[in-house]
Amino acid sequence: MAELGTQVKVEEVQCAPGNPITVIRFSGDITSTSQAAVLGTYQGLPEDTQRILLDFSKVEYLNSSGIALVIQLMIAAGKKGQSIQSFGLTPHFQKVFTMVGITKYTTLHPNEKTACAAFTT
Amino acid sequence: MKTGSSIELRLPSKLGYEKVAMNTAASVAKLMGFAEDRVEDLKTAVAEACINAMEHGNQLNEALIVGVVLSMDEESLEVKVHDHGAGAPTQIVKPDIDKKMHEEQTPRGLGMFLIQALVDEAEWVSSPPTGSYARMVIRLHPAAE
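Residues numbered from 1 in each chain as written. Chains lettered and ligands numbered in written order. Predicted model: local features only at pLDDT ≥ 70, side-chain atom pairs only at ≥ 80, totals over all residues.

## Concerning the overall build of chain A
Test applied: Strands are runs of DSSP state E lasting at least two residues, helices are runs of H or I lasting at least four, and both sets are numbered from the N terminus onward. Throughout, the radius of gyration refers to the C-alpha atoms, and the reference size of a globule is 2.2 Å times the residue count to the power 0.38. Any residue whose C-beta has 12 or fewer other C-beta atoms within 10 Å is treated as exposed, any with 20 or more as buried, and any in between as partly exposed, C-beta atoms being built from the backbone. With C-beta atoms placed from the backbone, a contact is any residue pair whose C-beta atoms sit within 7 Å.
The helix and strand inventory of chain A stands at 4 helices and 5 strands. Helices and strands appear in chain A in the N-to-C order β-β-α-β-α-β-α-β-α. Expected size for 121 residues packed as a compact globule is a radius of gyration near 14 Å; at 13 Å, chain A falls within 12% of this value. Principal-axis analysis of the C-alpha atoms gives chain A an extent of 45 × 30 × 25 Å. The burial tally for chain A puts 37% of its 121 residues in the buried class. Contacts in chain A between residues far apart in sequence, at least 24 positions, make up 70% of those at least 6 positions apart.

Have a look at this one:
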């Protein structure tokens, strides 16, 4: 059975005052095979990127290896002083992210609008 | 569903096939009447147990089978995931997100913690030379027991 793989789309949006927001929209599966899609995409962002929005609304399957990649992305973003907001996780994965403690480093929002509004820097 | 029914699956140790077990367990749990949030808990727990069995138990050797046995009774669903390894670590490390973010703890290693947190009962049994298994149980009315 082939995995669905991770599809990623990067957009720049101006949905809140201040600097533009870079949205990384994931779809499909986020698993151990998603390193290039998750970390490679992040590493390809322009150096001056400050505000990053993670869109999980079209993710169909996420496992612990995929969550580990999201943590690695957040570690890299933290080193650069970038701020991250997230939205689109199912209630189950909101619970899982909370259990793991990720919510200490990114807020999980119900939709893109509230996530955009949460950027303060 | 008849009391004492069981279903067995034999999966190759190839990542992705855990979804077969995950979706089968979800179908059974729905038939038994589990609420949607419990079904989601079970899906993650079963997927993680199968991934551990494939990666650590069977070292991703596709010739080695991961056996999954789902056993149902009127009150509970038990899932056993068998592999050919020596068994899981005896201690489950609770993730420390601060340590992970400061790279003092690997970002991985979440699977067993999630399994234990998401089901009503979880244990890992080492039974050499035949292999080892993870056992998970979810109950329809956990407060009543």
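## Structural notes on helix H4 (residues 111–118) of chain B
Which entries qualify depends on this criterion: The arc under discussion is defined with respect to the helix axis, by the directions toward the C-beta atoms.
Listing the buried residues of H4(B) in full gives B:Gly111, B:Met112, B:Leu114, B:Ile115 and B:Leu118. Projection of H4(B) onto a plane perpendicular to its axis shows the buried side chains occupying an angular sector of 160 degrees, all on one side. On its buried face, H4(B) is in contact with helix H2 (64–79) and helix H3 (91–100) of chain A together with helix H2 (36–57), strand S4 (121–127) and strand S5 (131–139) of chain B.

## Describing the environment of A:Gly5
Here A:Gly5 lies in the segment before strand S1 (6–13). When residues no more than four places from it in sequence are discounted, the contact partners of A:Gly5 are A:Gly28 and A:Asp29.

## A look at the sheet that holds strand S1 (residues 5–12) of chain B
Residue and element names in this part refer to chain B. Cut-off, in case you're wondering: What makes two strands pair is DSSP finding at least two bridges between them. Axis lines are fitted through C-alpha atoms, for helices just across the contact stretch, and the angle between N-to-C directions can take any value from 0 to 180 degrees.
A sheet is described by the order of its strands in space; here 5 strands give the open sequence S1-S2-S3-S5-S4, paired in antiparallel fashion. Strands with a single pairing partner mark the edges of an open sheet, and in this sheet they are S1 and S4. Taking the axes of each pair of neighbouring strands and ignoring which way they run, one obtains an average angle of 15 degrees across the sheet. The sheet strands contacting H2 are S1, strand S2 (65–72), strand S3 (76–83) and S5, and the helix crosses S5 at an angle near 175 degrees.

## A few points about H2(B)
Residues and elements named next belong to chain B. Rule in force here: Expected span of a helix, by definition, is 1.5 Å for each gap between consecutive residues, and there is one gap fewer than residues.
With 22 residues, H2 ought to run about 32 Å at 1.5 Å a step, and its terminal C-alpha atoms sit 30 Å apart, in line with that. Among the 22 residues in H2, 17 count as buried, and that is most of the element. Two residues or fewer past H2, Gln59 is found with a positive phi of approximately 55 degrees.

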